[in-house]
Amino acid sequence: MPDKSNLPAAAVTIPRKNRYPLAWVGNGFLIILAVLAAYILVSNLIRNPIVFLQNILDGLKLGFVYALIALGYTMVYGIVKLINFAHGDIFMVGAFTSFFAVSQFNLHKWPQMLMPGFPAGLSVVIGSLTVILLSMLVCILLAVTIERVAYKPLRDAPRIAALITAIGVSFFLEFFGALQFVFSPRFIPYKSPFDTTAWYIQSGIHPIISGQASPDNTISFSNIFLIILVASVLVQIFLQFLVRRTKIGIAMRATSFDKPTARLMGINVDRVISFTFAIGSGFAGLGGVLYAIAYASIWTQLGILPGLKAFVAAVLGGIGSLPGAFVGALIMGQAESLTMSYISTPMRDAVAFTILIIVLLVKPTGIFGEPAGEKA
Amino acid sequence: MELGYLFSTILKMAALIAWIYGLMWGLKHKLLWQKALTVILAFAVIQAAFLIQFGDFALFSAFDQGLLFQAVSMAMVALGLNLIYGFNGQFSLAQWSFYGIGAYCAADITYRWTNGDPSGLLVVGIGVILAAVALAGVGRLLRLKRGIPVLSAFTFYLVALVAAGLVAVVAGRAIAPALVPLFGTSAAPGVLGSAFVRQIVFFLSVLIAGAFAAEVSFMFGLPVLTLGSDYFGIATLGFAIVVQTLMVNSDTILPFPEMKGGRGMIGIPKMTSWVAAFIFLLVVVTIVRNFVRSSTGRAAMSVREDETAAKAMGIDIAGSKLLVFVVGSFVAGIGGGVYAHYIGFLSPATFSFLAGFNPLIIVVFGGLGSMTGSIAASFVWIFFLEGFLRVLLSQLGTDAPTWRFVLYPITLLLLMLIRPQGLLGSVEWGFLKPDAIIRRLKGGGPAAVDQKERA
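Just so it is clear, the structure is predicted and the values come from calculations on it, not from any experiment. The residue numbering used here restarts from 1 in each chain and proceeds along that chain's sequence as written. Here the convention is simple: chains get letters from A, ligands get numbers from 1, in the order in which they are written. Since the coordinates come from a predicted model, pLDDT governs what is reported: local features require at least 70, and pairs of side-chain atoms require 80 or more to be given and counted, while whole-chain, interface and lining totals use all residues.

The next point concerns the overall build of chain A. Secondary structure is summarised from DSSP: a helix means a run of H or I of at least four residues, a strand means a run of E of at least two, and numbering begins at the N terminus for each. In terms of regular secondary structure, chain A is built from 14 helices and five strands. Only the C-alpha atoms count toward the radius of gyration. The rule for a globule is 2.2 Å times the residue count to the power 0.38. Scaling as 2.2 N^0.38, a compact globule of 376 residues should have a C-alpha radius of gyration of about 21 Å, and chain A matches this with 23 Å. Across its three principal axes, chain A shows a C-alpha extent of roughly 85 × 60 × 40 Å. Remark: residues whose backbone-derived C-beta atoms lie within 7 Å of one another are considered to be in contact. Considering only contacts within chain A whose residues lie at least 6 apart along the sequence, 72% involve residues at least 24 apart.

Looking now at the overall build of chain B. Looking only at helices and strands, chain B features 17 helices and two strands. With the principal axes as the frame, chain B shows a C-alpha extent of 65 × 60 × 55 Å. Within the span of chain B, comprising 455 residues, buried residues form 45% of the whole. Residue pairs in contact within chain B that sit at least 24 positions apart in sequence constitute 79% of those at least 6 positions apart. Three classes are used. A residue is buried when 20 or more other C-beta atoms lie within 10 Å of its own, exposed when 12 or fewer do, and partly exposed in between, with C-beta atoms placed from the backbone.

For the rest of this paragraph, the subject is helix α11 (residues 269-295) of chain A. Residue and element names in this part refer to chain A. Helix length check: α11 (27 residues) gives 38 Å between terminal C-alpha atoms against 39 Å at 1.5 Å per residue, within 8%. The element α11 is largely enclosed, with a buried count of 21 among its 27 residues. Looking at the residues trailing α11, positive phi occurs at Ala-296, about 65°. By this rule, a helix spans an expected 1.5 Å times one less than how many residues it contains.

Residue and element names in this part refer to chain A. Positive phi, normally seen in glycine, also occurs at Leu-22, with a value near 65°. Examined against the element boundaries, Leu-22 turns out to sit in the loop between α1 (16-19) and α2 (23-47). For Leu-22, a count of 17 C-beta atoms within 10 Å puts it in the partly exposed group.

What follows covers the nonpolar core. Each nonpolar core comprises buried Ala, Val, Leu, Ile, Met, Phe, Trp, Tyr and Cys residues, the members being joined through C-beta atoms within 7 Å. Counting 238 residues, the largest nonpolar core has Ala70(A), Val312(A) and Leu79(B) as the members making the most contacts within it. Element by element, the count of residues in this core is highest for helix α3 (residues 62-87) of chain B, at 16 residues. Each residue touching Leu79(B), except ones within four places of it in the same chain, is listed here: Val284(B), Val285(B), Val288(B), Val331(B), Met371(B), Ser374(B) and Ile375(B).

This part covers the interface of chain B and chain A. Every contact between the two is made by 40 residues of chain B and, on the other side, 44 residues of chain A. Going through the elements one at a time, α6 (150-179), α7 (195-224), α8 (229-248), α13 (357-366) and α15 (400-418) of chain B are the ones with two or more residues in the side of chain B that touches chain A. Ranked by residues supplied to the side of chain B that touches chain A, first place goes to α8(B) with 10 residues. Considered class by class, the residues forming the side of chain B that touches chain A number 29 nonpolar, eight polar and three charged. Polar here means any residue outside two lists: the nonpolar Ala, Val, Leu, Ile, Met, Phe, Trp, Tyr, Cys and Pro, and the charged Asp, Glu, Lys and Arg; Gly therefore counts as polar.

Here the focus is the sheet that holds strand β3 (residues 205-207) of chain A. Consider a sheet: its strands pair through backbone hydrogen bonds, and that pairing is either parallel or antiparallel. All names here are of chain A. Strands pair, by our definition, only if DSSP identifies at least two bridges between them. One open sheet holds the three strands; their spatial order is β3-β2-β4, and the pairing between them is antiparallel. Single-partner strands in this sheet number two, and they are β3 and β4 (219-222). Each strand of the sheet is rotated relative to its neighbour by a mean of 30°, with strand direction disregarded. In terms of strand pairing, strand β2 (residues 198-201) meets β3 through three bridges, oriented antiparallel. Bridge assignment links Trp-199 to a residue of β3, and that residue is Pro-207. For helices, the axis comes from a line fit to the C-alpha atoms of the stretch in contact; other axes are also lines fit to C-alpha atoms, and the angle between any two N-to-C directions lies between 0 and 180 degrees.

Turning our eyes to something else, we now look at the packing of helix α4 (residues 95-114) of chain B against α8(B). All names here are of chain B. Contact geometry for α4 and α8: axes closest at 9 Å, N-to-C directions at 25°. One element, α4, and the other, α8, form an angle in the roughly parallel class. Considering the relative orientation of α4 and α8, their crossing is left-handed. Together, Trp-96, Ser-97, Gly-100, Ile-101 and Tyr-104 of α4 and Phe-239, Ala-240, Val-243 and Met-247 of α8 make up the contact between the two elements. Residues of the contact of α4 with α8, tallied by class, amount to seven nonpolar, two polar and no charged. Should an angle fall under 35 degrees it is called roughly parallel, over 145 degrees roughly antiparallel, and 65 to 115 degrees roughly perpendicular, with every other angle called oblique. The crossing is said to be left-handed when, going from far helix to near helix, the turn is anticlockwise and less than a right angle, and right-handed when the turn is clockwise.

What pLDDT expresses is the predictor's confidence in each residue, scored from 0 to 100. Looking at chain A, the pLDDT average stands at 86 and 94% of residues meet or exceed 70. Mean pLDDT per element in chain A: α1(A) is the minimum at 62, and α11(A) is the maximum at 93.

Let us look at the pairing of β2(A). Residue and element names in this part refer to chain A. With four bridges joining them, β2 and β4 adopt antiparallel strand pairing. Paired with Ile-201 across the bridge in β4 is Ile-219. Counted along the chain from β2 to the antiparallel partner β3, the turn is three residues long, and its residue Ser-203 has a positive phi close to 45°.

Moving on, we get to the confidence of the model for chain B. All names here are of chain B. Here chain B shows a mean pLDDT of 85. Residues at 70 or above account for 91%. Mean pLDDT across the secondary structure elements of chain B bottoms out at helix α17 (residues 445-454), with 42, and peaks at helix α12 (residues 317-343), with 94. Here residues 442-455 scores under 50 on pLDDT; set against residues more than four positions off or in separate chains, the count is nine contacts. Predicted complex, confidence summary: ipTM 0.84, pTM 0.88.

For Ser184(A), the position within the fold is in the loop between α7 (159-177) and β1 (188-189). On a C-alpha basis, the gap between Ser184(A) and Thr300(A) in space is 7.8 Å, while along the polypeptide they are 116 residues apart.

Residues and elements named next belong to chain B. Direction vectors running N to C along α6 and α7 enclose 165°, while the axes themselves pass 9 Å from each other. By the criterion of interaxial angle, the relationship of α6 to α7 is roughly antiparallel. Between α6 and α7 lies a crossing whose hand is left-handed. On α7, the residues touching Val-150, Leu-151, Ala-153, Phe-154, Tyr-157 and Leu-161 of α6 are Met-219, Leu-222 and Pro-223. For the contact of α6 with α7, the per-class residue count stands at nine nonpolar, no polar and no charged.

Counted at 1.5 Å a residue, the expected span for α8(B) with its 20 residues is 28 Å, and the 29 Å between its end C-alpha atoms agrees. Among the 20 residues in α8(B), 17 count as buried, and that is most of the element.

Bringing the environment of Ile293(A) into the picture now. All names here are of chain A. Summarising the element assignment, Ile-293 is placed in helix α11. Here the alpha-carbon distance between Ile-293 and Pro-193, two residues 100 residues apart in the chain, equals 8.2 Å. Apart from residues lying up to four places away in sequence, Ile-293 is in contact with Tyr-190, Ser-192, Thr-196 and Ile-224.

Quick look at the structure:
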């Protein structure tokens, strides 16, 4: 740290006011936008608080699914600086794997089918877990294959070549899946491994009888919402533990910080990168299964928009940061749900991307991002 | 029959490439009459090819002629994208949206005009001119102070643009009723309804569409280009999605019932003749070529190579990126106008962000930073995809269109692995070659060279 008193007077930092003239105009514009958004939200909250809360819950459901995908994006980008466009399609493959496992092979009932005396409740839990684990496994294998075949040869190529490759892989997965003998191009009603039940809150929690609507002015939620919530939070905690406490996590952080030096320290960089792809894709597969159960319809381009939103969420929270991805995903979920309810359904993507652009303009590293050091 | 068709398609692609080569070779000559002769010859060759027919066999069937128009508009889009991405290094996925914006804008103007409503031309025309003046004025004022944050600049531009737009709408609506009687009836068309005026309106509409797309790209690019390359790519992807959403809801969110939202806009007059398409292609090629070979273009290329070094050389990086982005979008808008008036039907599905990867793939195939590559790849791409693969894959039944999209990512992946700089790399032909200009500069300007050659 140089001694400041020795510097000539001209080098003293210019007052902030003179450095950015007219900054108040832009800030005023943002404040007007924020006031407008706050007005819309608060007026609707006052008009009907229960519907507002319901929208918040729906947004949370979406946000927690986005969080599962965003984790993979943020880890992969943090380490190889590649927007892995194929990540959203891996999410789609996860959903389809579970669909075929359930509808073709009845994998969700295997304990009961093998052992007829097995208790039904436990059988559903074990069966569903098996389905989810299978989907995650398939996603991991797929992602590692993609990484080995498509991305690894391009690691030293210009970054744009890798980006185009990622787009190519994404297209390939989408349209190969759309072939008749693979997944078919249609929308497919999803067969859930377990029954979704919903409850409503009205001076206590009551179950909603299937086929009936919940009474007016009540908040309803379903078991899949709770599962998504728990899964997302558990994954977040697990990843925090993995990255902070374990050896492979330290290796991941070292690789993301400086690859050549990490290699000099005896870290197998290729293995770490593969591992990162595997972890991220595994949780994308989990997200795919939960998303399909929650929204009950799948097709081969299912992954594009959630993938994109999740990436936006990761950027919003600060790319490379795990809590950032989580918070960003929740913000995206709320933005989407509230825009759909109170502004305009088709414009939900516009609002999401506007938020991204504004956040990046105000804080270029995202909400939780660390300032980028000068790295080669 | 299939084999014969495939063979003839390959032949056509080769012939078109030879034609492009000949055109570029002819245009590189210094004298004006040589250039003019080249243009006329090149035009006549294609026209003659259209006419060749032996019984059932047509050298360029109606289908192939349609492909040619598509290829011309695709070449414009690809050239614009190559400017942005190949020469300036900004990864943009919004090019296809500017193409769509141009297409819808031009189509709306001529659609209204043919239905006896001049308000489209008046409002958009006045709006585009006023907006250009307003943006230039604000830009001039903002340059008085250094270091104005981009958000503040954006706010000023936005206010100016909204004001210009309001004035244009009011003025256009006020003037329009005065012109309506001049259209006459369909039985006895008045001055403005005549075929000649309609041709002029068509040309104007395409240019206005380009300018409109350029102004939209200016407003979008100003804040977004400061984000850095990857974030810029994502933001452009978002822009593409938003534009498509707006197109789907053009009759509900936007006040344009004639665009018919997701059902697609029908009844656009099919006014793109081969003359018009050819003229616009030449104009676009010339614009792009002269831009790239100017000092501004060289500055843009230096930004691609190394931003820090370019900054040290005194190049305004943000300004350079913005200018290139605007010029690229202008070119795309013109391409959109040409396309809309050839096809006569616009659907939002055409401008989906998935289709937006097509020009990107063309630019990558043709070679980043090769104008020749972009033009040639556009022609080859359209004929390959629509002519070749469609026939070849129709054997596969209902999956045929999907197989197309399965095969081209694979080609793309292979290309990226084997030859990341594109098929043609940075090769340029004739007119587009850089040394043609450098030679001229060394010889002491064009006049000196001409005299030397005459002597």
